[in-house]
Amino acid sequence: MAGARAPLLEVTGLAKAFGPNAVLRDVSLRIAPASVHALLGENGAGKSTLTRVLLGVERADAGAVLLGGARYAPASAEGARRAGVVLVPQERTLCAHLSVADNVVLGIEPAARARPGLRDRERARAVARGAIALVAADPARVPLDAPAGDLGVADQQLVEIARALAQGGLREDGRLAARLLVLDEPTSSLGHEDARRLFERVRALRDAGVAVLLVTHFLSDVRAHADRYTVLRDGRVAGEGDPRETDPAQIVREMLGRALDAPRAGSGAPPPGRGEVVLEARDVAGARRPRRASLSLHRGEILGIAGLVGSGRTELLRILAGLDPRRGGAVTLRAPRGVGLLSEDRGGEGLMLGRSIAENVWLSPRAPRLAAPRSLLSEAARWIERLAIRAGGPDQRAGELSGGNQQKVQIARLLREDFDVLLMDEPTRGIDVASKAQVLSLFRELAGAGKAIVLVSSQLDELVATCDRIAVLRRGILDPPRPASSWTEASLLLEASS
Ligand SMILES: Nc1ncnc2c1ncn2[C@@H]1O[C@H](COP(=O)(O)OP(=O)(O)OP(=O)(O)O)[C@@H](O)[C@H]1O
Ligand SMILES: [Mg+2]
C-alpha cells in the first residue's frame, strides 16, 4: 500500500507570493514513491507555480521540502535534475528543426561543454535512444533522426517526457535516474487514443519506480490513472484523497468551493434560428490535409468538427480563414465582418507575453503598434469579468498569467473583433471545468446573436453538448455534418477512428 510507505517527496507549509499576490499558501503534500499523484485546481490556483518551486525555477518564501527524507531546496533546475526531479512544463519546449535525439539530450550533451568527440556523440545518442525506449511503446514511431517538428503532437509530447527523463541523468548501471517526474497538463493537446497511450507509458514508468506528479484538468484521467490526488484552490490545499474512492462531484466542489452549475439543457433548448449561409466550402483540399472537405456554415449555428489528431482539423480551419493556400476546391465567404481564427498554437501565433492583457486584447499580434488608451483598459476589464480571467487587472503582463488564463485572453481578443464567422481550434484547451462551461455557454450566446461558429475540439463530450451539427474528419476527408443530437461521445469516437 503506497500510503504506508515513507513518502518520496514531502512538502510542508510552502508559501509563495508575487508582490501582493499570494499564489501558494501553507501548501503541504506527500507523494509516495512509484505512484501517480494528481494535482488539480482551477486556472490560476497555483499548480504550475508549485511545479516550478519543486524544480528550483521559483524560490518559495516559506516552507520545507524533503526528498527521500533529505532536505531539498534546489536553487535551479540543474540542482533539481541532479536530485532526480524533472519537469515537462505546460508550454511546449522542443526545437522543431532539431532531431529527436538532439532534443532529448539538449543541454545535457557533452557538446554543450566542449567540442564533442565521437565517443561523446555516441554516448549522447545512446542516452537519447534509452530515454525514447522508455516512453515510446513503439520506438519506430519516434525515429531518433527525424526533425521533432515532423512528429505528431502526441509523439512530440513523448519526446518531451524522454527529454525530461534523460535530463535526470543516468545511474552507474546506465539506467535513468529520475525519481520524480512532474507532468504539467501532458494530455491537453492530445486526442483520446493518444492520451491513452501516454498514460500507458506513465504507468510503465511508475512500475519502474518513478513517482509522477500529474497536473491535469481531466477528472476522468485522474480516476483512471492516479493513485492519489490533491486539489489546490486559491493556493491552498482544498482536498486530497484516493480518486477511485472519491465522488468526482466532490472533487469538483473542492476545486471550486461550490458545486458546478447544472450544464445547459442541450436538446431541451429551442432549436436555434439558423440564418443564411455565411461560409461555404466545396471540395477544399490543402497541401497535405484536408484532402476533401465541403460544408455550409449558417448564421446562428455552431458546427462541430471531430477528428483524431492529425486528421487535418487545424489545416482545414486555416484554409477557411484564408491563412493557408488551397490546393483545390472553393471557399465562399458572405460575411461583411469577416472571419476570425482562434489558433491552436498559443505560444507561436498567440499572445505577446511581454505586453499587458489590455494590449493583447486590443492589438493584433501582426501589427503591435499602438498602446492601449485608457478607455480601452476599462473595456479590457469588462472582458476580464466576462471570461472570469484571473488577473491583477488589465495592465498585468500576459506572461504572468496562468496557462488557462492566457487562453482566455486569446478568446477575448478574438471575440472583441466582432467577426461574423468564428473558427475555434481547441478553444477550451487548458481551461478548468467551471470556465469551460462558461466559455461554451458564451459561444451559444454568440450563436444566438447571429454569429456562425466552427468548433474544433478533441473533447467529444464538449462537441455533443455545445454544437448544433457535427461533422467528422477522417484522414483528411470530411463527412457531411449530422445533427448533434444524433451523436454520442462513443459514436463520434468510433466514427473518427474507423
Ligand atoms: N511571474 C509571475 N508574476 C506574477 N504573478 C504570477 C507569476 N507567475 C504566476 N503568477 C500568478 O500566480 C497564479 C497561479 O498561477 P499558476 O500558473 O500556478 O496557475 P495554474 O494553477 O497552473 O493555472 P492553469 O490551470 O491555468 O495552468 C496566477 O494568478 C498567476 O497570475
Ligand atoms: Mg498551469
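See the structure printed just above.
The following paragraphs examine the structure supplied in this document. (Residues numbered from 1 in each chain as written. Chains lettered and ligands numbered in written order. Predicted model: local features only at pLDDT ≥ 70, side-chain atom pairs only at ≥ 80, totals over all residues. Heavy atoms only, no water.)

Let's talk about the site of ligand 1
Part 1 of the reasoning: Lining the immediate surroundings of ligand 1 are 21 residues, of which Gly-44, Lys-47, Thr-49, Ser-402 and Gly-404 lie closest.
Part 2 of the reasoning: Within the backbone of Gly-46, an N or O atom sits 3.0 Å from an oxygen atom of ligand 1.
Part 3 of the reasoning: In the environment of ligand 1, an oxygen atom lies 2.9 Å from a nitrogen or oxygen atom belonging to the side chain of Ser-48.
Part 4 of the reasoning: For ligand 1, whose free accessible area comes to 640 Å², the fraction covered by protein is 90%.
Part 5 of the reasoning: Where the shell around ligand 1 is concerned, the elements lending two or more residues are strand 2 (21–31), helix 1 (47–54) and helix 13 (403–416).
Part 6 of the reasoning: The greatest single-element share of the shell around ligand 1, amounting to 4 residues, is contributed by helix 1.
Part 7 of the reasoning: Classifying every residue of the shell around ligand 1 by side-chain character gives 4 nonpolar, 12 polar and 5 charged.
Part 8 of the reasoning: Looking at the shell around ligand 1, you find at least three residues from each of domain 1 (2–256) and domain 2 (277–497). (Near = heavy atom within 4 Å. Polar contact = N/O pair within 3.5 Å; in protein donor to acceptor, adjacent residues only side chain to side chain. Areas by Shrake-Rupley, 256 points an atom, 1.4 Å probe, with all protein chains shown as cover. Helix = DSSP H or I, 4+ residues; strand = E, 2+ residues; numbered from the N terminus. Nonpolar A, V, L, I, M, F, W, Y, C, P; charged D, E, K, R; others polar. Domains from an automatic or database assignment.)

Digging into unusual backbone geometry
Part 1 of the reasoning: Cis geometry is found at the peptide bond from Arg-289 to Pro-290, where omega equals -10 degrees.
Part 2 of the reasoning: Here Asp-26, not a glycine, exhibits a phi torsion of approximately 55 degrees, which is positive.
Part 3 of the reasoning: Relative to the assigned elements, Asp-26 resides in strand 2.
Part 4 of the reasoning: In this structure, Asp-418 is a non-glycine residue whose phi angle is positive, near 60 degrees.
Part 5 of the reasoning: Here Asp-418 lies in the loop between helix 13 and strand 16 (421–425).

Purely geometric stuff here, so don't read any function into it on its own.
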